[in-house]
Amino acid sequence: MTQAPTPTAETVRELVRSLLPGEGPVEVAPAAESPGHRTWWVGTRHVLRLATDRDASARQRRELRLRALVRQHTQIAIPSGVAHGEWAAGLAYTLDARLPGTAAEGPAVSALGEADLATLLTGLREVPVRQAESAGVPRVPPRSLPALRAAAASRAGALAGDEEFDPGRLAQLTATVAAQLAAQPGAAVLVHHGLGGDHLVMSGDGRVRGILGWSEAVVGDPAEDIACLAASVGAPAAVRAATLAGYGARPCLRGLWLARCDTLARLADALEGRDPTPQPVLRARLHRAWEAILLERITELPDDEAP
């Protein structure tokens, strides 16, 4: 198998010169590295993403089609493509206009920012599922909350030993509650699947100015996006945004517990050397996901509740 080339600063400069011939000399600097991708800042107005394998290239091409579709259903800014193609044989690139604002872990979201997130969640739900699948977005089944509960319980002991977490807190998620919070049939929507980390572009006043990172989007359980938001902006803000978007108690609580189980398991893995994410980041996500919300006092959910 031929090894994929490694993009260098000179590789990026040559590509940028061909794409922006009227710009003159432009400074380039590495911005991020993730499995399958290398991201570079291009001056102050552009972002270049280089796929480093064929699978990432396919996802990047799919992302271009998906962004065009989502843009029709939400007023939240989504990166606009300036150019796209291949930077090496079979390896894709996209050059995007840089969105104004700051993308950061754990942003502080204002009340207006929560309304922005509600606008996004509403728009995602309004994207026709058939059109998303036609654009190449895969459909994935909902995860089993009882299985996640069991896995989280088995991992909670590792955190208890380090005084990271009180395993007794998991008792709130009983087997009955976990079963009651199963995903509802026919509730699948377009799911961003990464509304956290550095994918939320924020302004200084706590507004959400844009959403990055559409390559992992799926058709599936809307509670997954609520879960991502709970770990990113905090459980209360996530639930308020989802409620504003029209989601009822069941998907909100399901998203909350998905986030709690996920963040617990990931921190335990990090403490045992199986997750490279910095532990302070994972601790902060765990704290945000476990923030209390009034909705947890609900003991019964109506059978006919809308998703």
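Residues numbered from 1 in each chain as written. Predicted model: local features only at pLDDT ≥ 70, side-chain atom pairs only at ≥ 80, totals over all residues. Heavy atoms only, no water.

Draft legend 1. Broad picture of the environment of leucine 66. Mapped onto the secondary structure, leucine 66 falls in helix α2 (residues 54-70). When its relative accessible area of 1% is taken as the criterion, leucine 66 is described as buried. It is 7.8 Å that separates the C-alpha atoms of leucine 66 and valine 137, two residues lying 71 residues apart in sequence. The residues touching leucine 66, leaving out its near neighbours within four places in the chain, are Val137, Leu190, Trp214 and Ala217. (Helix = DSSP H or I, 4+ residues; strand = E, 2+ residues; numbered from the N terminus. Buried < 20%, exposed > 50% of the residue type's maximum accessible area, 1.4 Å probe, protein only. Contact = heavy atoms within 4.5 Å.)

Draft legend 2. Expanded view of the sheet that holds strand β9 (residues 208-211). Taken in spatial order, the three strands make up an open sheet running β6-β8-β9, and their pairing is antiparallel. The sheet is open, and its two borders are formed by β6 (102-103) and β9, each paired with just one other strand. As paired elements, β6 and strand β8 (residues 200-202) share two bridges and run antiparallel to each other. Note that in β8 the partner of alanine 103 across the bridge is valine 201. (Pairing = 2+ DSSP bridges.)

Draft legend 3. A look at the nonpolar core. Counting 68 residues, the largest nonpolar core has Leu190 and Leu264 as the members making the most contacts within it. When residues in this core are grouped by element, the largest group, 12 residues, is from helix α9 (residues 249-271). Beyond its immediate chain neighbours, meaning those up to four positions away, leucine 264 contacts Ala152, Arg155, Ala156, Leu159, Phe165, Leu170, Leu286 and Trp290. Residues Leu15, Val28, Leu48 and Trp87 belong to the second largest nonpolar core, which totals 15 residues. (Core = buried A, V, L, I, M, F, W, Y, C linked by side-chain atoms within 4.5 Å.)

Draft legend 4. Local environment of helix α3 (residues 111-126). Between its first and last C-alpha atoms α3 spans 23 Å; for 16 residues at 1.5 Å apiece the expected length is 22 Å, and the two agree. Those residues of α3 lying buried are Gly113, Glu114, Asp116, Leu117, Ala118, Leu120, Leu121, Gly123 and Leu124. (Expected span 1.5 Å × (residues − 1).)

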